[in-house]
Amino acid sequence: MISTNHEPINSPAGRPAQAVYHIERLTKIYAKGRALQTTKPANQDIDLDIRPGEIFGLLGSNGAGKSTLIRQMVNLVAPTSGKILLMGQDIARYPGAVTRNVAYMPQKPHALLDLTAEEAIYYTGHMRGLSRPAARHEARRLVEEWGLKDARKKAVRHLSGGQHRLVSLAATLTGNLPVLILDEPTNELDPAFRKQVWEQIVQVNQRQGATIILVTHNVQEAERVIQRVAVMSDARIVGLGRVSELKAQMEQEVSLELFLRPDAAATAEAVLGNRPEAQRLQPYHWSVRVERAGGEEAIHRILSLVKLERLEDFRVHTASLEDVYMRLTGHTISNEESGEDNPLNGKR
Amino acid sequence: MQAITETDRPDDQYRADPASLSPARAFWDLLLIQLANWRWSWPATLINGLLVPLTALFFLRAAAGDNLASAEFLVSGNIIISLIFTTMYGTSARFSFMRTFGVLDYYATLPVSKILLVLAVNTGFLILTLPSSLLTILIAQLFGLHFQVNPFFFLIVPLASFSLSAVGAFVGVAAPNFDTANTITGILQFLFMGCGPILIPAERLPDFLNIIGHVLPSTYAADALRHSLTASYDLTFLLDLAFLVVFDFLAMFFVARRMEWRRG
């Protein structure tokens, strides 16, 4: 079981605790002539508070500005305007606030490729300020607990994509820093590894009280872990709140998902193509929003038009985080491939 | 604020304390990480490190003919190129690689300084190039050249190479891509070697090149190394050392203040 419902840490008086991150009117426009060749903002007027001890999710499609936002939060990109306070300190003036308190795992970790898995974890812990024996102990423990024993003496560059990601995540966790920022922590992982990663994230949050900021495309799995979420679209935050609050905005609706046979694509396009409540997620996969009141009739009508024999499968469900995302941004997230942090790609 | 306090944590022993990270400890870790890069490819590095200077040595010796003074200048110049310019070139390439592939981001989010990273990369390259230079000195004895390796040599080598490595790191970080960094470093290397008595004695260089050479660290680095190799210590040797110390402090200042490892 990897779900977590615990509340973020509050002050003894019951007032909300001061934000771990306080972001104010943050805007980033990359200089013309570099990377994107545009003056279009990568982030625009972002206001955001991240509370101590919460697992916070940042959702958005490619180019929405998530990676730019978290790179600004770890001081790797300088804001054009606005400010970021980390535990009350302006990170532009006190960059040490980030290096002392935040562990960051980029989407494509390219560092320490020539070290072995154990060394990569050890050196990261040691350079963060763990004693030599503690760093060694942590490296051994994480390698064993995360099933990386086979990879222990292999260079990181020779590991599989999944093992590499696990090593990077283990290195990020070492040192027990109070804030973790993880960019797509479950990319390239098979289901068993993904489950393990989500469990570790919850465990670190609950055992150490660490504040965890997650960027992920894996909305369905993350939904069970994330407590609050910001949805980004076109450089702005378009939705912010507890997952349950955001989902409550759609409680009057259910979703009908249709999985079509390949020969039914044209029919589905003809029946559903002009309906604003219908959205094609993949060539043979449609989602239709249906009002809960009287929904039985609407669902029956849609199924009659599409014809049951043309369906491979269908399901009806209440709003998920992904539905909320689709409502806020007008498009889906799960099927998009991510490439934001590839240094050979553009900035956003 | 309601920060996560020490007592909230069940495993404080494994909570990092950045205050305990001394510069020496951080430098040692960074150096070992740099050296690990060559752990898997050391035979090729070793062969390359030995073949190149030896081949160059034979060519240079042939070019100098029987003129021992000329040969001495050329061979010491060759050692200087290997120890200082190769290190600068390597440092530039390494930083450019780290910048391009986001490796620099990793170090930027750790409590380690940029100066220590430049020093570690520089020292890593020195450790790799030093054996071939020492071998060159040894073989030079067979050709009748009298070079010495004394404690001054081991003081001057890092002192001389750091200021140029800092230039290499600057170029590697500032250049938009790997190829541009290589081209700029190549041009700088050519300028540093040409503007000043590195391979050609000062008296055979045009005046304007000698004048330019007076403001370049490479001139003082080469002169100090030459003094050390030939064990001829005089006032110019002390001046060389003083200039190198000043250049190194300037390099550290600029690395700390001006070398931006952020991308945006």
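Residues numbered from 1 in each chain as written. Chains lettered and ligands numbered in written order. Predicted model: local features only at pLDDT ≥ 70, side-chain atom pairs only at ≥ 80, totals over all residues.

Q: Would you mind showing me how to read the overall build of chain A here?
A: Along chain A, the regular secondary structure elements total 11 helices and 14 strands. Counting over 348 residues, chain A shows a buried share of 45%. Counted over contacts in chain A with a minimum sequence separation of 6, partners at least 24 positions apart contribute 71%. (Helix = DSSP H or I, 4+ residues; strand = E, 2+ residues; numbered from the N terminus. Buried ≥ 20, exposed ≤ 12 C-beta atoms within 10 Å, placed from the backbone. Contact = placed C-beta atoms within 7 Å.)

Q: Would you take a moment to explain the overall build of chain B for this structure?
A: Per the secondary structure count, chain B includes 10 helices and zero strands. Sequence-ordered secondary structure for chain B, helices as α and strands as β, is α-α-α-α-α-α-α-α-α-α. Here chain B holds 264 residues, and the buried ones make up 44% of them. Within chain B, contacts between residues separated by at least 24 positions form 77% of all contacts whose residues are at least 6 apart in sequence.

Q: Help me understand unusual backbone geometry in this model?
A: As a rule of thumb, non-glycine residues mostly have phi less than zero, and peptide bonds are mostly trans rather than cis. Residues and elements named next belong to chain A. One non-glycine residue with positive phi stands out, namely arginine 25, at about 45°. Tracing the sequence through the fold places arginine 25 in strand S1 (residues 21–28). With a phi close to 50°, aspartate 45 is a non-glycine residue in the positive phi region. By the secondary structure assignment, aspartate 45 is in strand S2 (residues 43–50). By C-beta crowding, aspartate 45 is classed as partly exposed, having 14 other C-beta atoms within 10 Å.

Q: Any chance you could explain the nonpolar core here in plain terms?
A: Across soluble globular proteins, nonpolar side chains show a tendency to be buried alongside one another. If you look at the biggest cluster of nonpolar residues, it comprises 148 residues, and the most contacted ones within it are Ile121(A), Ile181(A) and Leu214(A). If one sorts the elements of this core by residue count, helix H3 (residues 68–100) of chain B sits on top with 14 residues. Aside from chain neighbours lying at most four places away, what touches Leu214(A) is Ile55(A), Phe56(A), Gly57(A), Leu58(A), Leu182(A), Pro185(A), Ala222(A) and Ile226(A). In this structure, Leu258(A), Leu260(A), Leu272(A) and Val290(A) belong to the second largest nonpolar core, which totals 10 residues. (Core = buried A, V, L, I, M, F, W, Y, C linked by C-beta atoms within 7 Å.)

Q: Honestly, the sheet that holds S2(A) in this entry has me stumped. Any pointers?
A: Two modes of strand pairing occur in sheets, parallel and antiparallel, and in both the strands are linked by backbone hydrogen bonds. All names here are of chain A. Read across the open sheet, the four strands follow the order S2-S1-S4-S5; overall the sheet is antiparallel. Whereas interior strands pair on both sides, the edge strands pair on one side only; in this sheet they are S2 and strand S5 (89–90). Examined bridge by bridge, S1 and S2 share five bridges and lie antiparallel to one another. Paired with isoleucine 23 across the strands is leucine 48, a residue of S2. Running over the sheet, helix H1 (residues 66–73) touches S1, S2 and strand S4 (81–86) and is turned about 125° from S1. (Pairing = 2+ DSSP bridges. Axes fitted to C-alpha atoms, helices over the stretch in contact; angles between N-to-C directions.)

Q: Mind showing me how you'd approach the environment of Thr180(B) here?
A: Within the secondary structure, Thr180(B) sits in helix H7 (residues 178–194). The spacing of Thr180(B) and Ser96(B) is 84 residues in sequence and 9.2 Å in space, taken between C-alpha atoms.

Q: Honestly, the sheet that holds strand S10 (residues 236–242) of chain A in this entry has me stumped. Any pointers?
A: Residues and elements named next belong to chain A. Taken together, the six strands give an open sheet; going across it, the order is S6-S7-S8-S3-S9-S10, and neighbouring strands pair in mixed fashion. Edge positions in the sheet fall to strand S6 (102–105) and S10, since each has one partner strand and no second. The mean angle between the axes of side-by-side strands here comes to 15°, regardless of whether they run parallel or antiparallel. Bridge count for S6 against strand S7 (residues 179–183) is four bridges, and the pairing is parallel. Bridge assignment links methionine 105 to a residue of S7, and that residue is leucine 182. This element, helix H5 (residues 161–173), spans S6 and S7 of the sheet and lies at about 175° to S6.

Q: When you look at the interface of chain B and chain A in this model, what are you seeing that I'm missing?
A: Where the parts come together, the accessible area they lose is often given as the size of the interface. Between chain B and chain A, the residue contacts involve 38 residues of the former and 46 residues of the latter. Listing elements by their share of the side of chain B that touches chain A, those giving two or more residues are helix H1 (23–36) and helix H4 (103–108) of chain B.

Q: For this particular structure, what's the right way to read the packing of helix H3 (residues 117–128) of chain A against helix H4 (residues 132–145) of chain A?
A: What describes two packed helices is the angle between their axes and the distance between those same axes. Residue and element names in this part refer to chain A. Closest axis-to-axis distance for the H3/H4 pair is 8 Å, and the angle between their directions is 140°. On the basis of their axis angle, the class for H3 and H4 is oblique. Here H3 and H4 pass one another in a crossing that is right-handed. In this structure, H3 uses Ala117, Glu118, Ile121, Tyr122, Gly125 and His126 to contact H4, whose residues at the interface are Arg132, Ala135, Arg136, Glu138, Ala139, Arg140, Leu142 and Val143. For the contact of H3 with H4, a count of residues per class yields seven nonpolar, two polar and five charged. (Parallel < 35°, antiparallel > 145°, perpendicular 65-115°, else oblique. Left-handed = near helix turned anticlockwise from the far one by under 90°. Nonpolar A, V, L, I, M, F, W, Y, C, P; charged D, E, K, R; others polar.)

Q: Sorry, what's going on with the confidence of the model for chain A here?
A: When pLDDT is low, close inspection of the predicted coordinates is not appropriate. Residues and elements named next belong to chain A. Per-residue confidence for chain A gives a mean pLDDT of 83; residues scoring 70 or more make up 88%. Scored below 50 in pLDDT, residues 1–15 shows 28 contacts in the model against residues more than four places distant or in partner chains. Between residues 335–348, whose pLDDT stays under 50, and residues either more than four places distant or in other chains, the model counts 39 contacts. (pLDDT = per-residue confidence, 0-100.)

Q: Could you clarify how one ought to interpret the environment of Gly53(A) in this entry?
A: Residue and element names in this part refer to chain A. Here glycine 53 is to be found in the loop between S2 and strand S3 (55–60). Using a count of 23 C-beta atoms within 10 Å as the deciding quantity, one classes glycine 53 as buried. Sequence separation between glycine 53 and valine 20 is 33 residues, and the spatial gap between their C-alpha atoms is 8.6 Å.

Q: Before we go on, may I ask you to explain helix H11 (residues 321–329) of chain A in this structure?
A: Residue pairs three or four apart in sequence face the same way in an α-helix, which turns once every 3.6 residues. Those residues of H11(A) lying buried are Leu321(A), Glu322(A), Asp323(A), Val324(A), Tyr325(A) and Met326(A). Backbone geometry just after H11(A) places Gly330(A) at a positive phi near 85°.

Q: I'm lost on the confidence of the model for chain B in this one. Help?
A: All names here are of chain B. Residue-level pLDDT values for chain B average 83, and 89% of them are 70 or greater. Across chain B, the element-wise mean pLDDT spans from 69 in helix H2 (residues 42–64) up to 93 in H1. Here residues 1–10 scores under 50 on pLDDT; set against residues more than four positions off or in separate chains, the count is 20 contacts. Both confidence scores are given for the complex: pTM 0.81, ipTM 0.84.

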